[in-house]
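Each chain is listed here by its residues.
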Amino acid sequence: MRPLFPAFLAFVSTMGAPQLLRPRLAFPLRTRAFSQFSGLPIGSGSRPNRQIRALRITASAGALPEGTHVAAELRAATTAGEALLIAGRNRENLDGWDLAICVSRVAEQRPPFDRKTATKEEISTFDWILKELISFVPTLSPRGLATLAVSLSKLQSSPRDDLIRALEERAISPDLKFDSQSLAGLLWGLSMSKWNHSPNVVESLLEKAVNIRRLRPNDKKQTLLALSKLGIPPERLETLQSTPKSQPQPDSLNPNSTPKRAPAKKTNPNSPSPSRRKSKTTGAEKPNNSAKSKKKTAGSGDHGGKKAALKGKGGARGVSRREGQKMAIKSDIESSEGLRAELERLRGSAKQILQLVESVPSDVVDANNVAYALSLLAKPRPHGFGRPRSGTGVFRGVGWAALRSRLPYCVLEADLGSYMGIISSLAWLKFRPSADLLRAMDQRFGALLSDVDAHTLPSLLRTQTSIARPSATSLSAAAERVVEVGDTLSETDIVTCLRSLSTAGASPSMSVSERLGDLAVKISQATSLPNLRSLVLAMSKLESVEQVALSSLCLQLESRIPLIGTQPLRSVEPSKPTEPTEPTESTKPSDLTEPKKSPKPSSVAEPSSVAEPSSVAELSSVTEPNSVMEPSSEPTEGTAPPSLDASLSRAANVLWVFATVRHIPPERTMRMLESRITSGARALDPRSTINVFWSMARLNQYMPVELMHTLQTQATSQQSHLSPGLVGTLLWSLGRMGYQGASHTLLQATEKVLARSEGELDSYAVSQSVWGWASLTHSPDAQVLSMLEKRAFDFVPKLTSQALTNTIWGLARLGHVSDKATLDFAEEHVIKKINQFTSQNIANLLWSFGRVEHKPGRLFIKELEARSYTVRNQFSARDISNAVWGFGKLTLSIGTPLMTSFERKIVEQISRFSASHITNLLWGLAKLNYAPKTETMEAFTHTIKSQIGSFSGQGLSSILWAMARIHGKSKPSSDFIESLCNRVVQNVESLNSVEITNILWSLPRLEYRPKDSVLATLEQQAMVQIWDFNAQNVATTLSAFAKLTYPPKTELMRGLEQHAYTEIDLFDPQAVANLFWAFAKLGYKPGIDLVMAMESSIQRQISNFNSQGIANTLWALGKLSHKPSVDVSKALLSRSKQLVNDFSPQGIANTLHGMTKLQMHPDKSLLTSFEKRVMQNISIFSPQSVAISLTAFRKLNHALSRRTLDAIQRRATALAPNTRAMERSTILSSLEKMGITPLKELIGAYEAATNRAVTKLGAEDVLELLWAFARLGHKPSSGLLSAMEEAIAMHVDAIGREDLTGVWWALARIKAEPSIGLLRILEEKTLCETFNLTDKEKKDILWALKRLGIDELGDLENRLVSSTTLKGV
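The rules we used
Residue numbers here run from 1 along each chain, matching the order of that chain's written sequence. Given that this is a predicted model, residues contribute local features only at a pLDDT of at least 70 and side-chain atom pairs are listed and counted only at 80 or more, while totals for whole chains, interfaces and linings are drawn from all residues. The basis for every side-chain value is the complete set of non-hydrogen atoms in the structure, without hydrogens or water. We count a stretch as a helix when DSSP gives it H or I for four or more residues in a row; a strand needs E for two or more, and each element gets its number in order from the N terminus. In this scheme, a residue with accessible area under 20% of its type's maximum is buried, one over 50% is exposed, and one in between is partly exposed, where area comes from a 1.4 Å probe on protein chains only. Any two residues having at least one pair of non-hydrogen atoms within 4.5 Å are treated as being in contact. Using the Shrake-Rupley algorithm and a 1.4 Å probe, accessible areas are obtained, with residue cover drawn only from the displayed protein chains. To qualify as a nonpolar core, a set must consist of buried Ala, Val, Leu, Ile, Met, Phe, Trp, Tyr and Cys residues joined through side-chain atoms within 4.5 Å. All axes here are fitted lines through C-alpha atoms, helices being fitted over the stretch that makes contact, and every angle between N-to-C directions spans 0 to 180 degrees. Between 65 and 115 degrees an angle is taken as roughly perpendicular, under 35 as roughly parallel, over 145 as roughly antiparallel, and anywhere else as oblique. Each crossing gets its hand from how the near helix is turned against the far one by less than a right angle, where anticlockwise is left-handed and clockwise is right-handed. Lys, Arg, Asp and Glu make up the charged group, whereas Ala, Val, Leu, Ile, Met, Phe, Trp, Tyr, Cys and Pro make up the nonpolar group; the residues left over, Gly among them, are polar. The rule for a salt bridge is simple: a side-chain nitrogen of Lys or Arg has to be within 4 Å of a carboxyl oxygen of Asp or Glu. Two aromatic rings from Phe, Tyr or Trp, using only the six-membered ring of Trp, form a pair when their centres are within 6.5 Å; if the ring planes differ by under 30 degrees the pair is stacked, by over 60 it is edge-to-face, and anything between is tilted. Only Lys NZ and Arg CZ are tested; either one counts as a charge over a ring when it is within 6 Å of the ring centre and within 35 degrees of the ring normal. A helix is expected to span 1.5 Å multiplied by its residue count minus one. Only residues whose relative accessible area exceeds 30% and that form no salt bridge enter a patch; like-charged residues are grouped when within 9 Å of one another, and nonpolar side chains (Val, Leu, Ile, Met, Phe, Trp, Tyr) when within 5 Å. In this count, Lys and Arg are taken as positive residues and Asp and Glu as negative ones, while His and the chain termini are left out. Lys charges are placed at NZ, Arg charges at CZ, Asp charges at CG and Glu charges at CD. Each C-beta atom gives one direction from the helix axis, and the arc is the one those directions make. What pLDDT conveys is the predictor's confidence in a given residue, as a value from 0 to 100.

Draft legend 1. The overall build of the protein, seen in detail. If you tally the helices and strands in the protein, you get 66 helices and four strands. Taking all 1369 residues of the protein together, the buried fraction comes to 57%. Sequence-distant contacts, at least 24 apart, represent 79% of the contacts inside the protein between residues at least 6 apart. Of the roughly 58,200 Å² that the protein leaves accessible, carbon and sulfur atoms contribute 51%.

Here's what the structure looks like:
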């Protein structure tokens, strides 16, 4: 126990809480500690179980061999699904031990593995594991067999029948000797299982239980319970229960056999304590009449073997095999020289070597002996030690633990030769050092560098960097040492040193880097092409290397290209660590084109119009961007197979090197490489083919059509040999080159490869493949895409910020909408990695969420906005555009600090914004209802003008829509809008129905009335797209034409009317109201069928109408003189009463006006409520609203209170300067007809306003005012009368006969004293109209002439009298 105790403590310290809480099994103390924490007991006997024990002991010491990473990952798995996922992607590397661990993990984890809830991939992997275990079962030891049985019994479903048969056959095998615990565990597993057992198997196991020499009490209890569960009758178990534990058992199958009495037990004072791990028996205890008993007396350990040979030197008592070995070894070895001799004697036996190291004192195990022992273990590897040499070594046994514990001390005291021997052997064994050993190795490596000569330095660097990465200080010292002995190094040694330094990530000082560059350049001219390639790669990876040296090496490599194919390779490349099989991801910005998407309308209120309602649906438009940070991957350098032309391999590898170091050779050089690769492309192996694709993409080079076609054909033919990683690199390369002509056959082949390699997919393959397909606008099969999505989000915790963004972006670009739970899961991990996100990651993530319309949670938005502000200075034009578009699409408000920084970047980088960037940016700002500063808007308008020719019809539509939404603070100039309209005319044929609607909606909103030619062009395109108009587009288009006072042609009106009728069920309340309003405004009376359908829609949706919709509908019905049905009228009045407190001043006026025109009879309570609403909002009433409301109250016979009338007159007085003549006349006339004498202040304000603007008034306005004053009997001032007389004389030709009669009547009513000139003009006009005047009009004129008492007009009076037919005039 003592040698294992430190290892046991180390093992416990490395295990987590879940490991420590696992239930203990009743195994011997020697292995119980490790079994308790591992979940799988340690077996013995067969080779797989020896490996198990070695792995356990190695793990207890705190380190695992590199080759056991799969087993380590399986132990770390916290769920059954995770264990199966690990096993599935490492199928080729699994052995029986790994399979057993996986079954144990699946059986023990909670929740348990269930086929009903498991995924298809998990079920497939688990079935494969059970199938592979069949071939592993015949090699299992008793304890391994017991462990497997216990694990299988814990499964939710029964395992394979052939696996059960194999397990049972192994259990009853005659050569399998069970110990107490192994048999108890096997029987317990069988008893707890769900499958049926053969009676022969149970009987055989019962016989084995009876024949066990020593059955421990706990094991006996467990065995009896298990046998009873397996159906053994109680009477059959009595023999087993009564058997003494220290005596061989009788045959339980023979009922006549009786147990013999055990002899008296003799004690030996020198015997070890009973608490020892293995019980030691004395010689007196051994029966002398049995050879079998004699053989087992030497020790009762579990391993068996040559125990008799280990007897002796222990006095009268027997000792265990291991203790006998130790005693024999300790008596002979007392010095390091003796240990060296003994190691030499034991050459070839790994077990004896390790036991020898364990047994000798620690001061004897010095550095030289450790180095020699390791060399014996590594070269050649002894028979039975671990796996074959091509695999990874497995370290086992207490002897190895002792050797490992001495390694750090031996490394610190080792000289150069011993140190080289130690690290060389450890590298050969692929040993993974512990933290203590790493520190010791780094310290000793740095100390020995000054003594290393030029011959040893390359080997030391190569070996040291392959087993562990030295510290930065040690690497700097190593670089300096390379420089010191550089002149004595050969070409190959220099290449080896530089590659070792670059692999370890050395960052030497500038002076050392310069000298390293000089060394590389010095040998570059004479070295071979492979060495030159290695130099270029090595110098590119040294972080502080000067670009001058690297450029010189690249130029030297360029000069060798013409010789490719004419000279053989001079030398082989120096040995180097194996390159990774698949490319790795890194961050690198990219530029991609942006797609276009049709805008979508939304609803917003429109501006007001004179005496008419103002509401129209608002539309939204978007051009969705498509930008993503492209991953940068570096595939491994291609190696030519024996059949591949060496010159072709060299050409492909040189191209790969140029791409790796990002060196773009001249055009002529590229054409030479392309020509050589094209001529032999069909001989390339799969990896070399993909490398060529990757290299061309990395260099941003245009690939000739012939080479592209040849490589695509070659890749398609090699699809069966492509791995998921190669497919990911291929798709990334095609997407990076923006090659939209990729072969459909090749893209389908990539789908097939990924579909059949579901279990082998990793995060790299998934991310790159999805990104590549999205960049190529290739839509893969939905099942393949769903599978990739599932695999991608399985790897979310391991994905980098860029890979995660690329995956989400690719899925969104491909139109794949993930479920909310999946995206919420992605959100959580974005928040965890938010500090790794760049500006482009943030912009692309927002764009992706906007594309799939997934609104993230508050915490995500908060963290993302905070991160955006942190990296605000890194945002490019594209990033700002995509980020604002995403915020707008998701209607996420942006904080003022972030928006301010965005505006500053926009102004600074406005020249870098393309047409699509500006379109998306303005659209996002409009959706956020954010009005930019004047400076920002000026920058926008200036850039749009300069790039006006780059904007498409959709872009122009989006810009006009956005400008109309955010023009509140900075209204664009008329010239700017006119330039946009002219561009619209040029691109009119590309406009769809939504874009036409957006443009028409925007123009009145911008208070701009374009030329009729522009509207006519839009009208013509609307006719072309008429059947693509939806309900909202119909209503909005008609409303826009109405506001622009442009009546469309009858053909368009009828087309829109018919379209509205077919989709009337899709009209919402606002669309119905706007449609009525547009028809009324345009003076177009729709057919009765549409009107009745609209009435039905009103009645059906009346509860959803708002106050503005009610006002617009009533006003329009009144304008169209269409009286609705009684039910509709009641519904409108009832809804008006409910919403009376929501009506605006114009809404009140339009509602009351509609009621008047439709001759409705609202109850007094409704009118009283409207009167109260007028009083509440009188301060915001317009002149038009005052005039219409006052007239409507009068016509509805509603008597306004004196307080209300005074308030209305005071408001009218305040608005007098801005009140039109017709409105003044209406107000005054309404007051007069209501019997109200206007306030003097009101009349005086109207006189003053009229006097100031009389010269600008038309004839109709002057006459309206004159009649208003006449009705009130108010004589204006002489100055105003003179001005009005001049206006009448000026516009007399425009006065009709009715108005002429009104002029005479008004002048007579106010007792005016018109000038002789005006009288002569009026007389002449009247004489001309004499025969057109009615008798009533003649009578009124004669009355006026008589009241004026003007004698000069006698001829006119006689003419009128003679022409009238009335009597008593």
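Draft legend 2. Representation of unusual backbone geometry in the model. Its identity as a non-glycine residue notwithstanding, Lys 430 has a phi of 55°, on the positive side. Here Lys 430 lies in the loop between helix H21 (416-428) and helix H22 (435-448). The backbone of Thr 777 shows a phi angle near 50°, a positive value even though the residue is not glycine. Residue placement: Thr 777 occurs in the loop between helix H35 (763-775) and helix H36 (782-794).

Draft legend 3. Representation of the environment of Tyr 930 within the structure. By the element assignment, Tyr 930 lies in the loop between helix H43 (915-927) and helix H44 (934-946). Taking the relative accessible area as the measure of exposure, Tyr 930 reaches 23% and is therefore partly exposed. Those residues in contact with Tyr 930, other than ones at most four positions away along the chain, are Met 899, Glu 903, Leu 925 and Ile 966.

Draft legend 4. Looking closely at the side chain of Gln 1209. Structurally, Gln 1209 can be placed in helix H58 (residues 1202-1214). When sequence neighbours within four positions are dropped, the list of residues in contact with Gln 1209 reads Leu 1231, Ile 1236, Thr 1237, Pro 1238, Leu 1239 and Leu 1242.

Draft legend 5. View of the side chain of Thr 1113. Within the secondary structure layout, Thr 1113 lies in helix H53 (residues 1107-1119). By relative accessible area, Thr 1113 is classed as buried at 0%. What Thr 1113 contacts, discounting residues up to four positions off in sequence, is Ala 1073, Phe 1076, Ile 1098 and Phe 1105.

Draft legend 6. Fine view of the nonpolar core. Grouped together as the largest cluster of nonpolar side chains are 330 residues, with contacts concentrated most on Leu 501, Phe 1067 and Trp 1304. Take this core: its biggest share by element is ten residues, from helix H51 (residues 1069-1082). When near neighbours in sequence (up to four residues on either side) are disregarded, Phe 1067 contacts Ala 1031, Val 1034, Ala 1035, Ala 1060, Val 1072, Leu 1075, Ser 1097 and Gln 1101. Formed by 52 residues, the second largest nonpolar core is a distinct cluster that contains Leu 84, Val 201, Leu 205 and Leu 230.

Draft legend 7. Broad picture of the packing of H21 against helix H23 (residues 457-467). Relative orientation of the contacting elements H21 and H23 amounts to 45°, with a least axis distance of 9 Å. Classified by the angle their axes make, H21 and H23 are oblique. With respect to the hand of their crossing, H21 and H23 are arranged in left-handed fashion. Contacts between H21 and H23 involve Tyr 419, Met 420, Ile 423, Ser 424, Leu 426 and Ala 427 from the first element and Ser 459, Leu 460, Thr 463, Gln 464, Ser 466 and Ile 467 from the second. Per-class residue counts for the contact of H21 with H23 are seven nonpolar, five polar and no charged.

Draft legend 8. Local environment of the pattern of salt bridges. Enumeration according to the criterion identifies 17 salt bridges in this entry. Arg 1100 is the partner of Asp 1065 in a salt bridge, and the nearest nitrogen-oxygen pair spans 3.8 Å. Remark: Arg 1100 occurs in helix H52 (residues 1088-1101) and Asp 1065 occurs in the loop between helix H50 (1050-1062) and H51; sequence separation between them is 35 residues. Here the salt bridges do not stand alone but share partners, grouping Glu 667, Arg 671 and Glu 674 into one network.

Draft legend 9. Region of the structure containing the packing of aromatic side chains. Summed over the entire model, instances satisfying the criterion amount to nine aromatic pairs. Three or more aromatic residues link up through ring pairs in this structure, and these residues are Trp 809, Trp 847, Trp 885, Trp 923 and Trp 961. Above the face of the Tyr 372 ring, Arg 340 is positioned so that its terminal group lies 3.9 Å from the ring centre. A cation over a ring is seen here: Lys 1043 above Trp 1077, with NZ or CZ 5.8 Å from the ring centre.

Draft legend 10. Layout of the packing of H53 against helix H55 (residues 1145-1157). At their nearest, the axes of H53 and H55 sit 8 Å apart, and the two run at 35° to each other. Between H53 and H55 lies a crossing whose hand is left-handed. Residues Ala 1111, Leu 1114, Trp 1115 and Gly 1118 of H53 pack against Gly 1147, Asn 1150, Thr 1151, His 1153, Gly 1154, Met 1155 and Lys 1157 of H55. Taken together, the residues that form the contact of H53 with H55 break down as four nonpolar, six polar and one charged.

Draft legend 11. Spotlight on helix H33 (residues 724-736). Relative to the 18 Å expected for 13 residues at 1.5 Å per residue, H33 spans 18 Å between its end C-alpha atoms, a close match to the ideal helical length. The element H33 is largely enclosed, with a buried count of 13 among its 13 residues. Just downstream of H33, Gly 738 is the residue with a positive phi angle, here 65°.

Draft legend 12. Representation of a positive patch on the surface. There is a patch of like positive charges on the surface, built from Lys 1119, Lys 1157, Lys 1195 and Lys 1233. One can find Lys 1195 in helix H57 (residues 1183-1195). On the basis of relative accessibility, which here comes to 48%, the residue Lys 1195 falls in the partly exposed class.

Draft legend 13. Highlighting helix H65 (residues 1335-1348). Across its 14 residues, H65 extends 20 Å between first and last C-alpha, which sits within 8% of the 20 Å expected from 1.5 Å per residue. All of the buried residues in H65 are Glu 1337, Lys 1338, Ile 1341, Leu 1342, Ala 1344, Leu 1345 and Leu 1348. All buried residues of H65 lie within an arc of 160° about the axis, which places them on one face of the element. In this structure, H65 carries Lys 1336 and Lys 1346 as exposed residues pointing more than 90 degrees from its buried face. Of the residues one or two after H65, Gly 1349 is the one with positive phi, at around 60°.

Draft legend 14. Local environment of the confidence of the model for the protein. In the predicted model, the protein carries a mean pLDDT of 76, and 77% of its residues have values of at least 70. Under a pLDDT of 50 for its full length, residues 243-331 has, in the predicted model, 109 contacts with residues more than four places off or in other chains.

Draft legend 15. Molecular detail of the environment of Pro 530. Within the secondary structure, Pro 530 is located in helix H27 (residues 529-541). Along the chain, Pro 530 and Arg 650 lie 120 residues apart, while their C-alpha atoms are 8.1 Å from each other.

Draft legend 16. Main features of the environment of Ile 1236. Along the chain, the position of Ile 1236 falls in the loop between helix H59 (1221-1233) and helix H60 (1240-1253). With 31 residues separating them in the primary sequence, Ile 1236 and Leu 1205 have C-alpha atoms 8.7 Å apart. Non-local contacts of Ile 1236, meaning those with residues more than four positions away in its chain, are made with Arg 1202, Leu 1205, Gln 1209 and Leu 1231.

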